[in-house]
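Listed below, chain by chain, are the residues.
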Protein chains: 2
Amino acid sequence: MRPVAGMKLGTACAGIKQPGRRDLVLIELQPGSSCAALFTRNLFRAAPVLVAERHLRQAPPRYLLINSGNANAGTGAEGVAHAEACCSRVAQLSDSPAEAVLPFSTGVIGEPLPVERIEAALPDAMAVLALDGWEDAAYGIMTTDTVPKGASTTVQIDGEVITVTGIAKGAGMIRPDMATMLAFLGTDVAVAPELLQGCLQTAVASSFNRITVDGDTSTNDACVLVSTGASPLPPIEDAADPRYPRLAGAVFQICERLAQAIVRDGEGASKFITIEVDGGRDEQECLQVAYTIAHSPLVKTAFYASDPNWGRILAAVGRAGIAKLDIDALTLHLNELCVVRDGGKAAEYREELGQSIMDQEEITVRVGLSRGVAQARIWTCDLSHDYIRINAEYRT
Amino acid sequence: MRPVAGMKLGTACAGIKQPGRRDLVLIELQPGSSCAALFTRNLFRAAPVLVAERHLRQAPPRYLLINSGNANAGTGAEGVAHAEACCSRVAQLSDSPAEAVLPFSTGVIGEPLPVERIEAALPDAMAVLALDGWEDAAYGIMTTDTVPKGASTTVQIDGEVITVTGIAKGAGMIRPDMATMLAFLGTDVAVAPELLQGCLQTAVASSFNRITVDGDTSTNDACVLVSTGASPLPPIEDAADPRYPRLAGAVFQICERLAQAIVRDGEGASKFITIEVDGGRDEQECLQVAYTIAHSPLVKTAFYASDPNWGRILAAVGRAGIAKLDIDALTLHLNELCVVRDGGKAAEYREELGQSIMDQEEITVRVGLSRGVAQARIWTCDLSHDYIRINAEYRT
């Protein structure tokens, strides 16, 4: 991952859930940085989400503080006090206001945050702040993730190389309704704050908001895009600036790569499934069909079993709640293979053809509704024994 | 199970999916019987559903023909012809019109119904028609069910003993949106057809329509209530008849017992979970919260692990889509134990108390929304390794 001028990252062991794990990440932003952020739409918002939102309104951010191993969610007023205490300690150590620190937490819900251990580890994190700390940070924010997730790209604008780099964590409780679990992106080009927020929203809408592992929305979801302004380029002030689409494209590319990495690392996932629905009257109904397929335990276990059980996909489409859907006009493809045409099994379909596709690790399901021109695409994974094992054992 | 005067049941081996299994059930209704029925609301309606609905409109039913092992769904025009052929064969053997035969199928989707084998086995089923055939029939309609499901009760009306007996099958693909999989009930008292339909609808609304195993709705759901009129009592003609509530109570009782039996036999189920939501503005929002909890893979795996991970329940409530829900007024109980009060962990809650409840096989989750007087109750089960195993292996 390429460093982003103006952002330094430091990781330390706070021993939050297990000793010796580097579970605390501090990100320092150079003065004058802007910060766009999206948070979970779950009504149960974790304490750090409440505090981060408030701090964002109160002061320009200088530090992002992330801990894994404890979500500080369902912890009430005490949880908010704990999140504030962590911010105050960062403020103390860095001689900045507490409101310039944004807290993020991920891990077990309902247990008190071990504030003392975090406070004790903060000087260590601060001591190792470095431009090349992205990879350690990607490890530090992991919970049930099996691999760190990071992505980086550059674009040349007016002769200057601009960097967009991001990290994310998330494997279960993934159906982002705003952003997914935790993701932190940075770019060195200066962008006006409202434009930065719009850039993040647009990118997230077609990336983090298009993935689902289990349909569960976290209480702690947050996605942050930092613009440090360290690049010598003049700020991008509005969307009509010809440089904006270049930047937005790079941000989307990083969000898409991180979002797909989350699905690939979905708890227990053995298959990466792309679900495309086209021919809808609007995007909403296409998404409704796509998510109904993606959340069907029967469809997901069929993928796990490499079973071309297309009847389960049809049954999911049929209960997706689409009014006046003409099932006799429906098509279903697995990759390029037509399985269902005009609502019934396609004449050329053979079980062995379906089997050869289901045996693959990456599969595209394409449903044609044949009643409009809207379309949507989401990504999901299968439901396996390991999902059960991971989530049954998660607190033990 | 007590016999219902006027209903005879016969079971035979057609070898539809595996040889030697009694997979064909024929139910004979005495002339003059009425038949109320509810069918799946999945837009993909299996061929037998289409045919049964049409036949119901065309003639008074004399026979119900049920096969397991093949759903005859996703089979298009050929599937309809196959269902018709089976009905015709029954008609031929019994000298009644084909329209007096209602077909029902359950099993694998998308494979052609082996009509010849069914036709060949029909005389065997007809030869063993008997009043005491209920238990064999309960076995005959099973697919992934591990136990047959039957229930029977009597009520005394005007000195006469009236019987209500029913059987059902279903273990996976269970989220009835109308009725669940297949259920057949009978009573000997005569009931006017519209009243019989209303009686069934009311009973199903609070029983089969309040259970979920995996949120998947079958293409073949059907629930039938037969009134044979074999009892000497004069017909119950309208709901104001003081005998009606007694009958309706008995029908509801049987539906409730069968519905709960389906959940207890849910694929891979090791726990029976009752979810009660009260304090809602209307029943709809209570149901929405209840189903969001019941369908959360994270909540279901926590039950499987006997893990008092109440944070996952809160997270499900928070994403249930209830507008303006005040989370600070929320309560959560496990059985009689208060876990969450005023949106946060209750002062008296201790992990070991929660653990002792989660260790049990029957658990009630009670969520208080504190914003109205509506309530709802549903039943579900946990999500276990066996669910994955059963559904991954189902076609192999």
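Residues numbered from 1 in each chain as written. Chains lettered and ligands numbered in written order. Predicted model: local features only at pLDDT ≥ 70, side-chain atom pairs only at ≥ 80, totals over all residues.

1. Quick look at the overall build of chain A
Going by this rule: For helices the rule is a DSSP run of H or I covering at least 4 residues; for strands it is a run of E covering at least 2, with both sets numbered from the N terminus onward. Each radius of gyration is computed over the set of C-alpha atoms, and the globule rule expresses the reference value as 2.2 Å times the number of residues to the power 0.38. Any residue whose C-beta has 12 or fewer other C-beta atoms within 10 Å is treated as exposed, any with 20 or more as buried, and any in between as partly exposed, C-beta atoms being built from the backbone.
What chain A contains, in helices and strands, is eleven helices and 16 strands. Its C-alpha atoms give chain A a radius of gyration of 22 Å, near enough to 21 Å, the size a compact globule of 396 residues would have. On the principal axes, the C-alpha backbone points of chain A span a range of 70 × 55 × 35 Å. The buried share of chain A, reckoned over its 396 residues, is 58%.

2. Digging into the packing of helix α1 (residues 47-58) of chain A against helix α2 (residues 76-94) of chain A
To describe two helices that pack against each other, one gives the angle between their axes and the distance between the axes. Residues and elements named next belong to chain A. Here is the rule: Angles run from 0 to 180 degrees between N-to-C directions of axes, and those axes are lines fitted to C-alpha atoms, restricted for helices to the stretch in contact. Put simply, angles under 35 degrees are roughly parallel, angles over 145 are roughly antiparallel, angles from 65 to 115 are roughly perpendicular, and the rest are oblique. Each crossing gets its hand from how the near helix is turned against the far one by less than a right angle, where anticlockwise is left-handed and clockwise is right-handed. Contacts are defined on C-beta atoms placed from the backbone: any two residues whose C-beta positions lie within 7 Å are in contact. Three classes are used: nonpolar for Ala, Val, Leu, Ile, Met, Phe, Trp, Tyr, Cys and Pro, charged for Asp, Glu, Lys and Arg, and polar for all others, with Gly counted as polar.
Where α1 meets α2, the axes come as close as 8 Å, and the angle between the chain directions of the two elements is 55°. Here α2 runs oblique to α1, going by the angle between their axes. Handedness of the α1/α2 crossing: right-handed. Contacts between α1 and α2 involve A47, P48, L50 and V51 from the first element and G79, V80, H82, A83, E84 and C87 from the second. Residues that form the contact of α1 with α2 fall into these classes: seven nonpolar, two polar and one charged.

3. Concerning the nonpolar core
Using the following cut-off: The nonpolar core criterion groups buried Ala, Val, Leu, Ile, Met, Phe, Trp, Tyr and Cys residues into a set whenever they are joined through C-beta atoms within 7 Å.
In terms of nonpolar packing, the biggest core is built from 259 residues, with A:V251, A:A290, B:C199, B:V251 and B:A290 touching the most fellow members. With residues up to four places along the chain from it excluded, the contact list for A:A290 reads A:I275, A:V277, A:A376 and A:I378.

4. Quick notes on the pairing of strand β4 (residues 63-70) of chain A
The two faces of the sheet receive side chains in turn, since in a regular strand these alternate between them. All names here are of chain A. Selection rule: Two strands form a pair only when DSSP identifies at least two bridges running between them.
Among the eight residues that make up β4, eight are buried, leaving the element largely enclosed by the rest of the structure. The pairing of strand β2 (residues 24-29) with β4 spans five bridges and is antiparallel. If you follow V25 over to β4, its bridge partner there is I66.

5. Side note on the domain arrangement of chain A
Residues and elements named next belong to chain A. Put simply, the test is: A domain assignment, automatic or from a database, supplies the domain bounds used here.
One can read the domain layout of chain A as domain 1 (7-264) and domain 2 (272-393). Placing the centre of domain 1 and that of domain 2 at their C-alpha centroids yields a distance of 33 Å. Contact residues are listed per partner, giving ten residues for domain 1 and eleven residues for domain 2. Classifying every residue of the side of domain 1 that touches domain 2 by side-chain character gives three nonpolar, five polar and two charged.

6. Remarks on the confidence of the model for chain A
Put simply, the rule is: The predictor's confidence in any single residue is recorded as pLDDT, a number from 0 to 100.
Residues of chain A with pLDDT of at least 70 account for 96%, and the chain-wide mean is 91. Confidence estimates for the predicted assembly give a pTM of 0.79 and an ipTM of 0.71.

7. Focus: the environment of A:A98
Residue position: A:A98 is located in the loop between α2 and β5 (101-108). In this structure A:A98 touches A:E84, A:C87, A:S88 and A:A91, once residues within four positions along its chain are discounted.

8. Here's the deal with the sheet that holds strand β9 (residues 211-212) of chain B
Residues and elements named next belong to chain B. Strand order in the open sheet made by the seven strands is β9-β16-β11-β15-β12-β13-β14, with mixed pairing throughout. If you trace the sheet from one side to the other, it starts and ends with β9 and β14 (344-345), each paired once. Here strand β12 (residues 331-334) runs beside strand β13 (residues 337-341); their pairing, made up of three bridges, is antiparallel. Its bridge partner being in β13, H333 is matched across the sheet by C338.

9. Focus on helix α11 (residues 385-393) of chain A
The α-helix advances 3.6 residues per turn, and as a result positions three or four apart in sequence lie on the same side. Put simply, the test is: Here the arc refers to the set of directions running from the helix axis out to each C-beta atom.
Among all positions in α11(A), only A:Y387, A:I388, A:N391 and A:A392 are buried. Projection of α11(A) onto a plane perpendicular to its axis shows the buried side chains occupying an angular sector of 115°, all on one side. On its buried side, α11(A) packs onto α8 (297-304) and α11 (385-393) of chain B.

10. Structural notes on the sheet that holds strand β14 (residues 344-345) of chain A
The strands making up a sheet associate through hydrogen bonds between their backbones, and the pairing can be parallel or antiparallel. Pairing is mixed in the open sheet, where seven strands are placed in the order β9-β16-β11-β15-β12-β13-β14 (chain A). Strands with a single pairing partner mark the edges of an open sheet, and in this sheet they are β9 (211-212) and β14 of chain A.

11. Some details on α8(B)
Residue and element names in this part refer to chain B. Of all eight residues that make up α8, eight are buried, and the element is covered over most of its length. Taken together, the buried positions of α8 are P297, L298, V299, K300, T301, A302, F303 and Y304. Looking one or two residues past α8, S306 carries a phi angle of roughly 55°, positive in sign.

12. A closer look at the packing of helix α8 (residues 297-304) of chain A against α11(B)
Packing of α8(A) against α11(B) brings their axes to within 8 Å, and their N-to-C directions diverge by 70°. One element, α8(A), and the other, α11(B), form an angle in the roughly perpendicular class. Helix-helix and strand crossings are classified by hand; for α8(A) and α11(B) the assignment is right-handed. On α11(B), the residues that touch A:L298, A:T301 and A:Y304 of α8(A) are B:I388, B:N391 and B:A392. In the contact of α8(A) with α11(B), the residues fall into four nonpolar, two polar and no charged.

13. Some words on unusual backbone geometry
Unlike most non-glycine residues, A:S306 shows phi in positive territory, near 55°. Counting through the fold element by element, A:S306 comes out in the loop between α8 and α9 (310-318). Note on A:S306: 21 C-beta atoms within 10 Å, which makes it buried. Its identity is not glycine, yet B:K324 carries a phi of approximately 55°, on the positive side.

14. A few points about the environment of B:Y304
Secondary-structure assignment places B:Y304 in helix α8. Classification of B:Y304 as buried rests on a count of 22 C-beta atoms within 10 Å. Measuring from C-alpha to C-alpha, the distance between B:Y304 and B:E283 comes to 28 Å, with 21 residues separating the pair along the chain. Excluding its chain neighbours within four sequence positions, the residues that come into contact with B:Y304 are A:I388, A:A392, B:S270, B:D382, B:L383 and B:S384.

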